[in-house]
Amino acid sequence: MELQFEVFTDENGMYGRECPECEGYFKVKGGTGLDSDLMTCPYCGIRSSTDEFFTNAQVEYIQSIVVNEIGKLVHKSFKSLERGNRKGFVTFKVNDRLKRLPLKHYSEQQLQTNTKCDKCELEYAIFSVFSYCPDCGESNTFQVFKKSLDSLKKQLEAYTNLEIEDKDFLQEVLEGIFKNTVSKFDGLGKQLRDKLPTPLAKKRSPFQNLFILNKELTSHTDIDLEELVGEDIFKEVIRLFQVRHILEHNYGQIDEEYIEKTGEGFRKIGERYLVLVKETSFLLDTTERLGEYLYSQLQ
Ligand SMILES: [Zn+2]
Ligand SMILES: [Zn+2]
């Protein structure tokens, strides 16, 4: 006997999958990505046969189809018995409900992130942000980082076209883009933590202090951020990270730590630092270069 059943999809043509190891739920779109019998869990990364990735709802649905078919067969054979027994001593009536045992239909769940793999073009949905591609297994860490910086660049472009008089408002928007750039780099660092040498891997935010990051990297690996971008650029980006620090923790007012770490003795303690578009743009470009280099070197 051969059974056929349809896989239900959501409004985007995606169907659910569930990891046999971590039980994480995700969705993939049929007809995109690779044609493979293997699948990678986007969350824990285990790779296994696609057959092992059925969701509970799908298994229950398939089981209900099997039970339904068996019900029909049983009904059919008992019906013939029923007829055969008409003249005998024993009579019984077969319940017609056997003919139509209920199917357990289901619908797929909503997930937070719809994404597409840069490498194999699989379209899939996950509840997290960072993941492995279910088809080719590639980590999307750099893709996520790059996209978030692209979005910040667009925001900066939009900012320069804003026609608003309120200077404080404008400054806050610009500072938001500036701070976010460092946050995205910081987030990349957390994703790459496992690949960093021990003193850095133990840090909560290994990429937040560029000076320490490079010091540890150069003493434990061949990676050298300063060598990549040159001394002047590296010094400037370290200074801008320090600016981010006072924006985040001191309303943008210069503190002793800032002067000590940047050597900018001409600034007054308590003076407000006004971030420039030029600096924000420089920060975005340099952070992207550093991130790309770190990601490729740490693989
Ligand atoms: Zn998993
Ligand atoms: Zn892929």
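Everything below is about the structure printed above this text.
All of the points below concern the structure found in this document.

Further remarks concern the overall build of the protein chain. Helix and strand counts for the protein chain come out as nine helices and six strands. The C-alpha radius of gyration of the protein chain comes to 30 Å, more than 25% above the 19 Å expected for a compact globule of 299 residues. For the protein chain, the C-alpha atoms occupy an extent of roughly 115 × 50 × 30 Å along the three principal directions. Here the protein chain holds 299 residues, and the buried ones make up 38% of them. In the protein chain, of all internal contacts separated by at least 6 residues, the share reaching a separation of at least 24 is 56%. Summed over its atoms, the accessible surface of the protein chain is roughly 17800 Å², and 49% of this surface lies on carbon and sulfur atoms.

On to the coordination of the zinc ion (ligand 1), then. Within the first shell, the zinc ion (ligand 1) binds the protein through Cys-19 (SG), Cys-22 (SG), Cys-41 (SG) and Cys-44 (SG), at distances of 2.3 Å. Each of the four donor atoms bound to the zinc ion (ligand 1) contributes to angles spanning 104 to 119°, and the resulting shape is tetrahedral. Sequence spacing of the donor residues for the zinc ion (ligand 1), all on one chain, is C-x2-C-x18-C-x2-C. In this pair, Cys-22 is assigned in the loop between β1 (14–18) and β2 (25–29) and Cys-44 in the loop between β3 (38–40) and β4 (47–49), connecting sequence segments 22 residues apart. Owing to a relative accessible area of 33%, Cys-44 belongs among the partly exposed residues under this scheme.

On to the pattern of salt bridges, then. If you walk through the whole model with that rule in mind, you get 17 salt bridges. In this structure, Glu-138 engages Lys-119 in a salt bridge whose closest nitrogen and oxygen atoms are separated by 3.5 Å. Residue Glu-138 is located in the loop between β6 (123–126) and α2 (141–160), and its partner Lys-119 is located in the loop between β5 (113–116) and β6; the two are separated by 19 residues in the primary sequence. Take Lys-119: its relative accessible area is 56%, and that puts it in the exposed class. Between Glu-288 and Lys-146 there is a salt bridge, with the nearest N and O atoms lying 3.3 Å from each other. One end of the pair, Glu-288, is in helix α9 (residues 277–297); the other, Lys-146, is in helix α2, with 142 residues separating them in the sequence. On the basis of relative accessible area, Glu-288 is assigned to the buried category, the value being 11%. The class of Lys-146 is partly exposed, set by a relative accessible area of 28%. In this structure, a network of salt bridges that share partners links the residues Glu-236, Arg-239, Glu-264, Arg-267, Glu-271 and Glu-279.

Taken as a whole and judged by the stated rule, the model has 12 aromatic pairs. With 5.0 Å between their ring centres and 35° between their planes, Phe-185 and Phe-207 make a pair best called tilted. Linking Phe-185 in helix α3 (residues 167–191) with Phe-207 in the loop between α4 (198–201) and α5 (210–220), this pair joins segments that are 22 residues apart in sequence. Through pairs of rings, three or more aromatic residues link up here, namely Phe-142, Phe-145, Phe-185, Phe-207, Phe-241 and Tyr-295. In this structure, Arg-17 is placed above the aromatic ring of Phe-54, and the distance from its NZ or CZ to the ring centre is 5.1 Å.

Another point: the coordination of the zinc ion (ligand 2). Around the zinc ion (ligand 2), the protein supplies Cys-117 (SG), Cys-120 (SG), Cys-133 (SG) and Cys-136 (SG) as donor atoms, at distances of 2.3 Å. Here the zinc ion (ligand 2) binds four donor atoms, and the angle range of 99 to 118° at the metal identifies the geometry as tetrahedral. The sequence pattern formed by the donor residues of the zinc ion (ligand 2) is C-x2-C-x12-C-x2-C. A residue is classified by how much of its surface remains accessible, and Cys-133, at 0% relative accessible area, is buried.

Considering only enclosed or pocket space, the largest pocket measures out at about 510 Å³ in volume. Lining the largest pocket are 24 residues; nearest its centre among them are Asn-209, Phe-211, Ile-238, Gln-242 and Lys-261. Contributions of two or more residues to the lining of the largest pocket are made by α5, α7 (231–249) and α8 (256–262). With nine residues, the single largest contributor to the lining of the largest pocket is α7.

Thresholds, definitions, all that
Note on numbering: residues in each chain are counted from 1, in written sequence order. Throughout, the order in which chains and ligands are written sets their labels, letters from A for the former and numbers from 1 for the latter. Residues qualify for local features only when their pLDDT is at least 70, as the model is predicted, and side-chain atom pairs are given and counted only at 80 or more; totals for whole chains, interfaces and linings, by contrast, use all residues. Heavy atoms from the whole structure form the basis of all side-chain values; hydrogens and water molecules are not counted. Each helix is a run of H or I in the DSSP string that is no shorter than four residues. Each strand is a run of E no shorter than two, and both are numbered from the N terminus. Restricting the calculation to C-alpha atoms gives the radius of gyration, and the globule rule supplies 2.2 Å times the number of residues raised to the power 0.38. Exposed residues in this analysis have more than 50% of their type's maximum accessible area, buried residues have under 20%, and partly exposed residues fall in between, with area computed by a 1.4 Å probe over protein chains only. Any pair of residues with heavy atoms lying within 4.5 Å of one another is described as a contacting pair. Note on areas: these come from Shrake-Rupley sampling with a 1.4 Å probe, and a residue is covered only by the protein chains present in the view. Atoms of type N, O and S within 2.8 Å of a metal are treated as its donors, and for Na, K and Ca the window is 3.2 Å; water is not considered, so some sites may appear to be missing partners. The rule is simple: four donors are tetrahedral if all their angles sit between 85 and 135 degrees, four are square planar and six octahedral if opposite donors span more than 155 degrees and the others lie between 65 and 115, and anything that fits none of that is irregular. Salt-bridge detection follows one rule: a side-chain nitrogen of Lys or Arg within 4 Å of a carboxyl oxygen of Asp or Glu. In this analysis, rings of Phe, Tyr and Trp, with Trp reduced to its six-membered ring, are considered paired at centre separations within 6.5 Å, and the interplanar angle assigns stacked below 30 degrees, edge-to-face beyond 60, and tilted for intermediate values. Only when the NZ atom of a Lys or the CZ atom of an Arg is both within 6 Å of the ring centre and within 35 degrees of the ring normal do we say a charge sits over the ring. Grid spacing is 1 Å over the protein atoms alone, the probe is 1.4 Å, and a cavity is where that probe fits but cannot get out, while a pocket is an open set with protein on both sides within 12 Å along at least five of seven lines and lining residues have an atom within 4 Å of a point. Grid points are joined across faces, edges and corners, and a volume is the space filled by probe spheres set on the points.

In short, shape yes, function no, at least from these values alone.
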